[in-house]
Amino acid sequence: MEAGAAGPAAALVVAVAESGPLGPAEPRLPLAFESFLYLRPAHQALQEAAGPVLSFYLEDPAAGRTVAQLHVALGPAADEARSPAQAPFGGVQMAPGLPLLALHQILDTAEAALRQRGVRRLALRGYPFAYDPAGAAALAETLRQRGYRVALAEQNYHLDPALPYEAHLHPSERRRLHKCRRAGLHFEQEPPFLLPRAYDFIQACRQERGQALSLPLVRVQELFRRFPKEHFLFSVRQADGEWAALTVAIQVNKQVLYNFYPASPLRCNSFSPVVLLNEGLHAFARASNMAVLDLGTSTLDTGPNASLLRFKRHLGGVAGLRLSWEREL
């Protein structure tokens, strides 16, 4: 199905497709931008959704390119939809410089299609502004103009791999980094076959702190299998070879590395090996010419996690926005 528009954006059309047995539809025209991992149809197919996924692709036929995309999952309630189904973020991703009128066009089409299906509420979780500051700002302004409300505003911290890591550490974290080195702790990239053991380690560390993992092991293993170039297992090992810290890191696109599942046991608190872990991630991102090492948000069900926010600031983390929106259709 296609939808056009009048006015300056009339040359653009929106292609609409419902997911099938193999998952959400691929774009008909090549993308004019690099898709974030979570917005690729292949990744969307692994996200648990109660109903079908509607994919909206804004096309520029003259250029032969798709210039924006949006995937919306229906359910679990019959009158609501959300983006993403199950991922760190969804929302609209667009080509650089796309005008607001074009964003209105893809959202006009999406909202009309959802209303036809009886959907009365749409929730969108956006990507961190650091990933694409201009695009995130354009989307935020477009949604504001359309009457969306900010349902959640979170602080999202990241490191710039172009800047020296140790020089931007708080003095207390620099001391811990040196303590790790003196004790023989070292950073390693682990082979994927250790993932089951690593998952148990991460889960045990989270349980010590009263936290749970968002994904089961089988789902994490499937992500590593389906996207081997985008998923990494990194560790800090003690001198005796035992793990002192672990994380699953995800390459969201060529510019962004996301520190997804960092964990360290309480017995290692005096060393704070996560400081050394982030040094290794920073070096990996820098060597890979990435622009963002995403440390994520620090939000609990009860509100901001003050101690985690302080730790990320002490790492030299730069605070940015991540917004989630809602609108009654």
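Residues numbered from 1 in each chain as written. Predicted model: local features only at pLDDT ≥ 70, side-chain atom pairs only at ≥ 80, totals over all residues. Heavy atoms only, no water.

Take the pattern of salt bridges next. What the rule picks out here adds up to 18 salt bridges. The partner of R237 in a salt bridge is E188, and the shortest N-O contact between them spans 3.4 Å. Here R237 is found in strand 10 (residues 231–237), whereas its partner E188 is found in strand 9 (residues 186–190), with 49 residues between them in sequence. We note a salt bridge from E222 to R226, for which the minimum N-O separation is 3.7 Å. In this pair, E222 and R226 are both assigned in helix 6 (residues 217–226), four residues apart and thus about one turn of the helix distant. The class of E222 is partly exposed, set by a relative accessible area of 22%. Judged by its relative accessible area of 35%, R226 is partly exposed. (Salt bridge = Lys/Arg side-chain N within 4 Å of Asp/Glu carboxyl O. Helix = DSSP H or I, 4+ residues; strand = E, 2+ residues; numbered from the N terminus. Buried < 20%, exposed > 50% of the residue type's maximum accessible area, 1.4 Å probe, protein only.)

Moving on, we come to helix 6. Of the positions making up helix 6, those classed as buried are R219, V220, L223 and F224. What you see down the axis of helix 6 is that its buried residues fit within an arc of 140°, all on one side. Facing away from the buried side of helix 6 by over 90 degrees, the exposed positions are V218 and R225. On its buried face, helix 6 is in contact with helix 1 (41–44), helix 5 (195–208), strand 10 and strand 11 (243–253). (Arc of directions from axis to C-beta. Contact = heavy atoms within 4.5 Å.)

Attention shifts here to the nonpolar core. Ranked by internal contacts, the top residues of the largest apolar core, which has 70 residues, are F56, L58, L70, M94, L114 and Y131. The element best represented in this core is helix 2 (residues 100–116), accounting for seven residues. Once residues lying within four places of it in the same chain are set aside, the contact partners of M94 are F33, V67, A68, L103, Y127, G135, A138 and L139. L159, L185, L295 and L309 belong to the second largest nonpolar core, which has 28 residues in total. (Core = buried A, V, L, I, M, F, W, Y, C linked by side-chain atoms within 4.5 Å.)

Turning to its location among the elements, D294 is positioned in strand 13 (residues 292–297). No salt bridge is formed by the buried D294. Its closest oppositely charged neighbour is R322, at 4.5 Å. Side chain to side chain, D294 and Y131 meet in a polar contact 2.5 Å long. (Lys, Arg positive; Asp, Glu negative; His and termini not counted. Polar contact = N/O pair within 3.5 Å; in protein donor to acceptor, adjacent residues only side chain to side chain.)

This part covers the packing of aromatic side chains. Scanning all chains against the criterion turns up 13 aromatic pairs. When the centroid spacing of 5.1 Å and the interplanar angle of 90° are considered together, the rings of Y38 and F89 count as edge-to-face. Placement of Y38 in the loop between strand 2 (13–18) and helix 1 and of F89 in the loop between strand 5 (80–83) and strand 6 (93–94) is noted, with a sequence separation of 51 residues between them. On the numbers, 4.1 Å between centres and 20° between planes, the contact of F260 with Y261 is stacked. Residue classification places Y261 among the buried positions, given a relative accessible area of 4%. An aromatic cluster of three or more residues is present, and its members are F36, Y38, F89, Y127 and Y131. (Phe/Tyr/Trp six-rings, centres within 6.5 Å; stacked < 30°, edge-to-face > 60°.)

Packed helices, taken two at a time, are described by the angle between their axes plus the distance between the axes. Direction vectors running N to C along helix 5 and helix 6 enclose 135°, while the axes themselves pass 11 Å from each other. Relative to helix 6, the element helix 5 lies oblique. As for how helix 5 packs across helix 6, the hand of that crossing is right-handed. Across the interface between the two elements, L195, P196 and Y199 from helix 5 touch L217, V220, Q221 and F224 from helix 6. Among the residues making up the contact of helix 5 with helix 6, the classes are represented as six nonpolar, one polar and no charged. (Axes fitted to C-alpha atoms, helices over the stretch in contact; angles between N-to-C directions. Parallel < 35°, antiparallel > 145°, perpendicular 65-115°, else oblique. Left-handed = near helix turned anticlockwise from the far one by under 90°. Nonpolar A, V, L, I, M, F, W, Y, C, P; charged D, E, K, R; others polar.)

Function cannot be read off these values alone, since they describe shape.
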